[in-house]
Amino acid sequence: MNPVPGGDRILLTGVRASGRHGVLPEERERGQEFVVDLELTLPFAVAAATDDVTATVHYGELAERVVAEVGADPVDLIETLADRIAALVLADARVERVVVTVHKPSAPIPVPFGGVAVRVERVRAAADVPVVIALGANLGDAERTLDDAVHALRRLRGLVVDRVSSSHETVAVTPQGPDPSRPRYRNQVLVGRTSLPPRELLHALLGIETVFGRVRAERWGDRTLDLDLVAMGDLRVDEPGLVLPHPRAHERGFVLRPWLEADPDAELPGRGRVRHLVAALPEEG
């Protein structure tokens, strides 16, 4: 959905609250003050016609919720905090758009500075589309990597995680077939809903891979984390770098078996029920 043009606005600035957000241990221990500015876009017509506070956003109550959010579970980045506050504001169905600015006046910067802040803009999402994402890893602590990747996906704006399969151990696959000499994979499948366009979701998945150390030096090589966009509802896409549904999902046991666990009624568009595809796989998938 495109940003809402024009529109009535509520501005709530300079909300001060204490929190323990930051990368450094002393930031988590001592805490510090943060300052939050909000710009909400929502229609005022009903509130103006009725002169009733219940017809608009009560900015006093909103300020209290922002203070509580700043004081809640600590995070490393104020980008994450700003995103959490934006989600809090958009939980009110009347708000069409929000701009959140989080200031960190006492940031641990070793040179004189006037201020540091991040700003995020969020618009009420379009209707959600079912989505299936496959996760895999065979380097390092693969089990922990998958757990951390799922946690990151749960926090991704525009993605709602409904179910996640258990971790399945599988043999590495190459163009020549299974290769038992290579590190074994751990694989999972996540089933959820998204309001993101396919390209935007794919870009986010690639970004998460990079954060977890993924290097694309070899197409069939070992990897710290692999995130594949398997399907988005009945959407069909055939573009450079993006094909939906995934063109090889129907023959990959390491995708189909955990997918069936996460969603026993799953169906791969154009290929049929996942349970039937699994039944047709060879023993090693």
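Residues numbered from 1 in each chain as written. Predicted model: local features only at pLDDT ≥ 70, side-chain atom pairs only at ≥ 80, totals over all residues. Heavy atoms only, no water.

A. Structural view of the packing of helix α3 (residues 59–70) against helix α4 (residues 78–90). Two elements in contact, α3 and α4, have axes separated by 10 Å at closest approach and are oriented at 145°. Like other packed secondary-structure pairs, α3 and α4 cross with a definite hand, here right-handed. Residue-level inspection shows L62, R65, V66, E69 and V70 of α3 in contact with α4, the latter providing L81, R84, I85, L88 and V89. Here the contact of α3 with α4 is composed, by residue class, of seven nonpolar, no polar and three charged. (Axes fitted to C-alpha atoms, helices over the stretch in contact; angles between N-to-C directions. Helix = DSSP H or I, 4+ residues; strand = E, 2+ residues; numbered from the N terminus. Left-handed = near helix turned anticlockwise from the far one by under 90°. Contact = heavy atoms within 4.5 Å. Nonpolar A, V, L, I, M, F, W, Y, C, P; charged D, E, K, R; others polar.)

B. Spatial organisation of a nonpolar patch on the surface. On the surface, V23, L24 and L77 cluster together into a nonpolar patch covering about 250 Å² of accessible area. Here L24 shows up in the loop between β1 (9–19) and α1 (25–30). (Patch = residues over 30% accessible without salt bridge, like charges linked within 9 Å, V, L, I, M, F, W, Y side chains within 5 Å. Areas by Shrake-Rupley, 256 points an atom, 1.4 Å probe, with all protein chains shown as cover. Salt bridge = Lys/Arg side-chain N within 4 Å of Asp/Glu carboxyl O.)

C. Inspection of the UniProt feature "domain: Dihydroneopterin aldolase/epimerase" (unreviewed entry) in the protein chain at higher detail. Mapped onto this numbering, the UniProt entry annotates "domain: Dihydroneopterin aldolase/epimerase" (unreviewed entry) at residues 10–122. Secondary structure content for residues 10–122 is 33% helix and 29% strand, while the C-alpha to C-alpha distance between its ends is 15 Å. (UniProt positions renumbered as here; feature names shortened; annotations may be inferred.)

D. Structural context of the pairing of strand β10 (residues 185–194). Counting buried residues in β10 gives nine out of 10 residues, a clear majority hidden from the surface. Note: strand β5 (residues 129–137) against β10, nine bridges, orientation antiparallel. Within β10, the position partnered with V131 by the bridge is G192. Pairing geometry for strand β6 (residues 159–164) and β10, over five bridges, is antiparallel. When the bridges of β10 are listed, R163 appears paired with V191. Taken together, the three bridges between strand β7 (residues 168–170) and β10 define a ladder with antiparallel strand orientation. Bridge assignment links T170 to a residue of β10, and that residue is Y185. (Buried < 20%, exposed > 50% of the residue type's maximum accessible area, 1.4 Å probe, protein only. Pairing = 2+ DSSP bridges.)

E. The arrangement of the nonpolar core in detail. Core analysis: the largest hydrophobic core is formed by 29 residues, its most contacted members being L38, L40, I85, V100 and V102. Of all elements in the fold, only β1, β2 (32–41), α3, α4, β3 (97–103) and β4 (117–123) reach the threshold of two or more residues within this core. Considering every element that reaches this core, the biggest residue donor is α4, with eight residues. With sequence-adjacent residues up to four places away left out, L38 is seen in contact with I10, L11, L12, L62, V66, I85, V89, V99 and V100. Listed in part, the 26 residues of the second largest apolar core include A142, L153, L190 and I208. (Core = buried A, V, L, I, M, F, W, Y, C linked by side-chain atoms within 4.5 Å.)

F. Expanded view of the pairing of β2. Extensive coverage of β2 is indicated by the burial of eight of its 10 residues. Taken together, the nine bridges between β1 and β2 define a ladder with antiparallel strand orientation. Bridge pairing in β2 links S18 to E33. Examined bridge by bridge, β2 and β3 share seven bridges and lie antiparallel to one another. For V36, the partnering residue across the bridge sits in β3 and is V102.

G. Region of interest: the side chain of H246. Its place among the elements puts H246 in the loop between β13 (242–244) and α7 (253–262). With near-sequence residues (within four places) excluded, H246 lies in contact with D228, L229, V230 and R252.

H. Representation of the environment of R9. With respect to the helices and strands, the residue R9 is situated in strand β1. Owing to a relative accessible area of 34%, R9 belongs among the partly exposed residues under this scheme. R9 sits 50 residues away from Y59 along the chain, and the two C-alpha atoms are 12 Å apart.

I. How the structure looks around the pattern of salt bridges. Under the defined criterion, the tally for this structure stands at 21 salt bridges. Across the pair D148 and R144 runs a salt bridge whose closest N-O atoms are separated by 3.7 Å. Within this pair, D148 and its partner R144 are both found in helix α5 (residues 142–154), separated by four residues, close to a single helical turn. Residues participating in the shared-partner salt-bridge network are R9, E39, R97 and E121.

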